[in-house]
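# Structure assessment
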Amino acid sequence: GNAQRGYVIWGYLGQGSTTAAGGQPVALVDASGQTVQTVTSDGTGKYVFAYHQPGSYRVQVGNLVMPVQVAAADQRLDIDLSKPSGEMDYVGDQM
């Protein structure tokens, strides 16, 4: 992305770091609580929200809500649906 077009928020959904969570509806919610885009994760668990202006957003998957801040770059947010925090732990899940 860039300043004229906007920036991309993207990442992967998984049940742990090694099992993709495809076919999941994912919503991008702005600071005022409005849903600005809804997508579905693909077979590899990847989701992409294209071309949004800088600001504070939340990525919502079911009951899980993760904050994401867009400044002057694309943002990657990987989400582990098997953890209450949603934080993806690539190192811990490998052990």
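Residues numbered from 1 in each chain as written. Predicted model: local features only at pLDDT ≥ 70, side-chain atom pairs only at ≥ 80, totals over all residues. Heavy atoms only, no water.

### Looking at the confidence of the model for the protein
Predicted coordinates in areas of low pLDDT are best not read in detail. Here is the rule we go by: One number per residue, pLDDT, summarises how confident the predictor is, and it ranges from 0 to 100. Put simply, DSSP H or I for four residues or longer makes a helix, DSSP E for two residues or longer makes a strand, and each gets a number counted from the N terminus.
Summing up the model confidence of the protein, the mean pLDDT is 93 and the portion of residues at 70 or higher is 96%. When the elements of the protein are averaged for pLDDT, strand 6 (residues 64–70) gives the smallest value, 95, and strand 2 (residues 25–30) the largest, 98.

### Considering the nonpolar core
What counts here: Joining through side-chain atoms within 4.5 Å is the link that ties buried Ala, Val, Leu, Ile, Met, Phe, Trp, Tyr and Cys residues into a set, and such a set is a nonpolar core. Accessible area is worked out with a 1.4 Å probe on protein chains only. A residue is then buried under 20% of its type maximum, exposed over 50%, and partly exposed in between. In what follows, a contact means two residues having at least one pair of non-hydrogen atoms within 4.5 Å.
In this structure, Ile9, Val26, Tyr47, Phe49, Val59 and Ile79 are the most contacted members of the largest nonpolar core, which totals 18 residues. Those elements that place two or more of their residues in this core are strand 1 (7–14), strand 2, strand 4 (46–52), strand 5 (55–61) and strand 6. At 4 residues, the largest contribution of residues to this core is made by strand 6. Non-local contacts of Ile79, meaning those with residues more than four positions away in its chain, are made with Tyr12, Leu13, Gly14, Tyr47, Val59, Val61, Leu64, Met66, Gly86 and Met88.

### Some details on the pairing of strand 1
What counts, and what does not: For two strands to pair, DSSP has to find at least two bridges joining them.
Extensive coverage of strand 1 is indicated by the burial of 6 of its 8 residues. Where strand 1 and strand 7 (residues 75–76) come together, 2 bridges link them in parallel fashion. Across the sheet, residue Ile9 finds its bridge partner in strand 7, namely Gln75. Across 2 bridges, strand 1 lies against strand 8 (residues 79–80) in parallel orientation. Looking at strand 8, one finds that Gly14 is bridged to Asp80.

### A look at unusual backbone geometry
Notably, Tyr51 is not glycine yet its phi reads approximately 60°, a positive angle. Along the chain, Tyr51 falls in strand 4. With a relative accessible area of 39%, Tyr51 lands in the partly exposed category.

### Brief notes about the packing of aromatic side chains
Centre-to-centre distance and the angle between the planes together describe a pair of aromatic rings. Note the cut-off: Centres within 6.5 Å are what make two rings of Phe, Tyr or Trp a pair, Trp counting through its six-membered ring; a difference in plane orientation under 30 degrees is then read as stacked, over 60 as edge-to-face, and the rest as tilted.
Following the criterion strictly, the structure yields 2 aromatic pairs and no others. Seen in terms of ring centroids, Trp10 and Tyr12 are 5.9 Å apart; in terms of plane orientation they differ by 75°. Their pairing is edge-to-face. Taking the relative accessible area as the measure of exposure, Trp10 reaches 23% and is therefore partly exposed.

### Considerations on the pattern of salt bridges
The cut-off we apply is this: By definition here, a salt bridge exists when the distance from a side-chain nitrogen of Lys or Arg to a carboxyl oxygen of Asp or Glu is within 4 Å.
Inspection of the entire model under this criterion finds 2 salt bridges. Across the pair Asp78 and Arg76 runs a salt bridge, and its minimum N-O distance is 2.9 Å. Judged by its relative accessible area of 12%, Asp78 is buried.

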